[in-house]
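Here is what each chain is made of, one letter per residue.
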Amino acid sequence: MNEIQADYINKPIIPGIKCVGEIANSSDSGFSVGQKIVALMGGMGRSFNGSYAEYALLPTHHVFAVNTHLNWVGMAAVPETWFTAWGSLFECLQLKKEDILLIRGATCALGYASIQIAKMVGWVIATTHRESKLLLISNTDAAIIDDGQLSGKIHVATKALELVGVKTLSDTLNAVEKGGIVCNTGVLGNVYALNHFDPIKFIPNGVYLIGFFLNDPTQTVMNEIFSFIDTHKITPFIGAEYNFSDISTALYDLDHHRVDGKIVVTI
């Protein structure tokens with residue numbers, strides 16, 4: 001990441017944009033010592049020191065109480081990933097049981113979480129560009145190899161979660177039914193912006209394009225997410241668990257795509 005991209009990060013900084021744990025010192029926060037919480041976003045690891053610390057000192061506005069059957073590892077798989085999936089599916093796509101959802105680029109931690117949520121609602125089509133990963137999305141109603149062109153091949157999707165991003169966005173917009181909604185959330189394709197974007201020509205008539213911005217979690221939404229998990233007895237999909245002493249290995253494996261699923265680091 002170069003200086004232009006990262007000029008909003010106060011350096012030196014302890015990174016880490018989400019965590020779960022117990023309150024060790026409540027100060028004047030209103031929380032109780034020993035209370036289970038999740039914390040995410042809001043400047044963690046960017047504007048102020050984040051979760052790659054034994055004790056994280058965090059502003060209360062992005063710390064949320066949690067009641068759940070999940071153990072610590074399961075809880076740790078939730079905060080940012082499930083918040084992003086939840087917001088994309090319900091706030092942006094307004095997913096309903098009668099919908100047929102296309103998840104493009106489903107073989108990533110966000111994709112697996114989105115599948116777990118959406119399958120409790122309705123019909124799910126998921127794509128991957130690697131045949132070796134089809135098994136990882138076999139719990140959907142249709143698992144499809146993505147060769148770069150889905151328009152003309154998929155005729156039933158009413159909503160689409162775009163995780164590949166700008167690279168395939170135009171094709172995804174043309175793959176959903178008229179009246180459909182496409183939510184652009186991911187950037188797996190490593191293309192971050194549309195040059196010379198002309199919405200009149202780019203967005204098909206009768207199709208809606210939206211994006212999910214994930215910096216504003218609330219206690220209400222976090223309650224909804226954990227209640228949904230508990231009600232449906234879901235265990236978040238975890239690809240690997242590392243001890244904090246092995247965090248450099250965890251980051252290496254993350255950067256080199258060596259893990260399928262969410263990476264969890266425990267202390």
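Bear in mind the structure is a predicted one, so any value in this text is a computation, not a measurement.

## Considering the side chain of E80
So, step 1. In this fold, E80 is placed in helix α2 (residues 79-92).
So, step 2. Excluding residues that lie within four positions of it along the chain, E80 makes contacts with I17, K18, L40, M41 and L214.

## Notes on the pattern of salt bridges
So, step 1. Going through the model one piece at a time under the given rule, you end up with 8 salt bridges.
So, step 2. For K119, the salt bridge identified is with D141, shortest N-O distance 3.0 Å. With K119 in the loop between α3 (109-118) and β5 (123-128) and D141 in the loop between β5 and β6 (142-145), the pair connects residues that are 22 residues apart, well separated along the chain.
So, step 3. Judged by relative accessible area, which is 29%, K119 ranks as partly exposed.
So, step 4. In this structure, D260 engages K133 in a salt bridge whose closest nitrogen and oxygen atoms are separated by 3.0 Å. In this pair, D260 is assigned in the loop between α7 (247-255) and β11 (262-266) and K133 in the loop between β5 and β6, connecting sequence segments 127 residues apart.

## What about the sheet that holds strand β1 (residues 18-22)?
So, step 1. Pairing within the open sheet is antiparallel, and its 3 strands lie in the order β1-β2-β3. A single partner strand is all that each edge strand has here, and the edge strands are β1 and β3 (63-65). If you compare each strand with its neighbour and ignore which way they point, the axes differ by 25° on average.
So, step 2. On top of the sheet, α2 reaches β1 and β2 (36-40); it is set at about 70° to β2, its chief contact.
So, step 3. Its contacts with the sheet place helix α6 (residues 219-231) against β2 and β3, and it is angled at close to 50° to β3.

## Quick look at α3
So, step 1. Of all 10 residues making up α3, 9 are buried, and the element is well covered by its neighbours.
So, step 2. Looking only at α3, the buried set comprises L110, G111, Y112, A113, S114, I115, Q116, I117 and A118.
So, step 3. At its buried positions, α3 is contacted by α2, β4 (100-104), β5, β7 (159-162) and α6.

## A short note on unusual backbone geometry
So, step 1. Of note in this structure, H196 is not a glycine but carries a positive phi near 55°.
So, step 2. Following the sequence through the fold, H196 ends up in the loop between β8 (181-184) and α5 (199-202).
So, step 3. Classification of H196 as exposed rests on a relative accessible area of 82%.
So, step 4. Unusually for a residue other than glycine, K233 sits at a positive phi of about 55°.
So, step 5. Inspection of the secondary structure puts K233 in the loop between α6 and β10 (238-243).
So, step 6. For K233, a relative accessible area of 71% translates into the label exposed.

## Notes on the side chain of S26
So, step 1. Residue position: S26 is located in the loop between β1 and β2.
So, step 2. Apart from the residues lying within four places of it in its own chain, the contact partners of S26 are F31 and V33.

## Some thoughts on the sheet that holds β6
Strand pairs in the sheet, formed through backbone hydrogen bonds, run parallel or antiparallel to each other.
So, step 1. Read from one edge of the open sheet, 6 strands run β6-β5-β4-β7-β8-β9, paired in parallel fashion. Pairing within the sheet leaves two strands with one partner each, and these edge strands are β6 and β9 (208-211). Sheet twist, expressed as the mean angle between neighbouring strand axes with direction ignored, is 20°.
So, step 2. In terms of strand pairing, β4 meets β7 through 4 bridges, oriented parallel. Bridged to I103 within β7 is L161.
So, step 3. Running over the sheet, α2 touches β4, β7, β8 and β9 and is turned about 155° from β8.
So, step 4. Lying on the sheet, α3 is in contact with β4, β5 and β7; it crosses β4 at an angle near 170°.

Rules used in this analysis
Residues numbered from 1 in each chain as written. Predicted model: local features only at pLDDT ≥ 70, side-chain atom pairs only at ≥ 80, totals over all residues. Heavy atoms only, no water. Helix = DSSP H or I, 4+ residues; strand = E, 2+ residues; numbered from the N terminus. Contact = heavy atoms within 4.5 Å. Salt bridge = Lys/Arg side-chain N within 4 Å of Asp/Glu carboxyl O. Buried < 20%, exposed > 50% of the residue type's maximum accessible area, 1.4 Å probe, protein only. Pairing = 2+ DSSP bridges. Axes fitted to C-alpha atoms, helices over the stretch in contact; angles between N-to-C directions.

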